[in-house]
Amino acid sequence: MNVCLCIPTLNAGNIWGEFVYALQTQTLQPSEILVLDSSSTDGTPELARRDSCRVVTIPHAEFRHGGTRQHAAELASGADVLVYLTQDSILADANALARLTAVFEDASVGAAYGRQLPRPGANPIEAHARLFNYPPVSAIRSLESTAAIGFKAIFFSNSFGAYRRTALEQAGGFPRESNFGEDTVMAARLLQSGWRIAYIAEAQVHHSHAYSYREEFRRYYRIGQLHVNEPWLLRDFGKASGEGRKFAMSEIQYLSRHAPWLIPEAMLRTGLKYLGYRSGRRNPQP
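Residues numbered from 1 in each chain as written. Predicted model: local features only at pLDDT ≥ 70, side-chain atom pairs only at ≥ 80, totals over all residues. Heavy atoms only, no water.

Attention now moves to unusual backbone geometry. Residues other than glycine seldom take positive phi values, yet Ser-39 does so here, at roughly 60°. Position of Ser-39 among the secondary structure elements: in the loop between strand 2 (32-37) and helix 2 (44-50). On the basis of relative accessibility, which here comes to 30%, the residue Ser-39 falls in the partly exposed class. Residues other than glycine seldom take positive phi values, yet Ser-52 does so here, at roughly 70°. Within the secondary structure, Ser-52 sits in the loop between helix 2 and strand 3 (54-57). (Helix = DSSP H or I, 4+ residues; strand = E, 2+ residues; numbered from the N terminus. Buried < 20%, exposed > 50% of the residue type's maximum accessible area, 1.4 Å probe, protein only.)

Below is the structure:
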């Protein structure tokens, strides 16, 4: 199996050493490592070339989450499987890539994503988000899964996600103009094209974020925009509100055990998420 690892970067120099060490110790080494750098100013391209990566520079103003990943897929024309990894996702052990890509031995699987663990030092709110969204049990979903789990059927993350090339092409590729949620759109297209999506809990990275209040609001604003710009997602896979309620209840229960003093902050963040989402739905992108 020919595997290409695709890494979008922007000023990754401060974390590159840790990132590439975890990559170099993998039992499965990619056939090619493709770095798509958005005009970094801290020497990231030079570091990547030093470590035998193929580097393609993209003007910063032209970066799009969907378009850049689609460009990577077209550049890696000889790959059977494309693995996408963000610069702040640190492979957790030497078998992470091997475990993620092994599932493609099943010819029905079009895409797979791994488990994201809280980064070292993550605060309890940050940690809970990863533990809730990335459980310890693997699963494979098909279009029929929608009846049981609704919108969760198209949950996916390109922070550590892989695609079978033929499936990606059959489903139309990443939306080029998308700058948010391109992984959700692609997962939905794959299911509707008859492919299955695998969640591999044994393939792990350390990746989480301590969002500020502004960042929390902005993230859910963009989710709201995504849902109104791509109305077929909610139409075909159901509303996401039920999962949001489950998350909020789980977060309170988790914090009551581990950090009860953070419950007021968590409730404030829940309110900001709701306001952000509703605002985004009222202001779709042109």
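Attention now moves to the packing of aromatic side chains. Using the criterion set out here, one finds 13 aromatic pairs in the structure. The interplanar angle of 85° and the centroid separation of 5.1 Å between the aromatic rings of Phe-132 and Phe-247 together place this pair among those described as edge-to-face. Of this pair, Phe-132 sits in helix 5 (residues 124-133) while Phe-247 is found in helix 11 (residues 241-258), placing the two residues 115 residues apart along the sequence. We classify Phe-247 as buried; its relative accessible area is 13%. (Phe/Tyr/Trp six-rings, centres within 6.5 Å; stacked < 30°, edge-to-face > 60°.)

Attention shifts here to helix 1 (residues 13-24). With twelve residues, helix 1 extends 17 Å between its outermost C-alpha atoms, agreeing within 8% with the 16 Å of an ideal straight helix rising 1.5 Å per residue. Residues of helix 1 that are buried: Trp-16, Phe-19, Val-20, Ala-22 and Leu-23. Down the axis, helix 1 shows its buried residues gathered within 155° of arc, on one side only. Of the exposed residues in helix 1, the ones pointing more than 90 degrees away from its buried face are Asn-14, Glu-18 and Tyr-21. Those residues of helix 1 hidden inside the fold are in contact with strand 1 (3-9), strand 2, helix 2, strand 4 (81-85), strand 5 (90-91) and helix 4 (96-102). (Expected span 1.5 Å × (residues − 1). Arc of directions from axis to C-beta. Contact = heavy atoms within 4.5 Å.)

Below, the discussion takes up the pattern of salt bridges. Working definition: two side chains of opposite charge can pair if their charged atoms are close together. On inspection of all chains with the given rule, the structure shows twelve salt bridges. Across the pair Glu-32 and Arg-54 runs a salt bridge, and its minimum N-O distance is 3.2 Å. With a gap of 22 residues between them, Glu-32 in strand 2 and Arg-54 in strand 3 connect regions that are remote in the sequence. Residue classification places Arg-54 among the partly exposed positions, given a relative accessible area of 35%. Linking Asp-51 and Arg-50 is a salt bridge whose minimum nitrogen-to-oxygen distance equals 3.1 Å. For Asp-51, a relative accessible area of 16% gives the class buried. By relative accessible area, which is 55% here, Arg-50 ends up exposed. Each member of the salt-bridge network shares a partner with another, and the members are Glu-216, Glu-265 and Arg-269. (Salt bridge = Lys/Arg side-chain N within 4 Å of Asp/Glu carboxyl O.)

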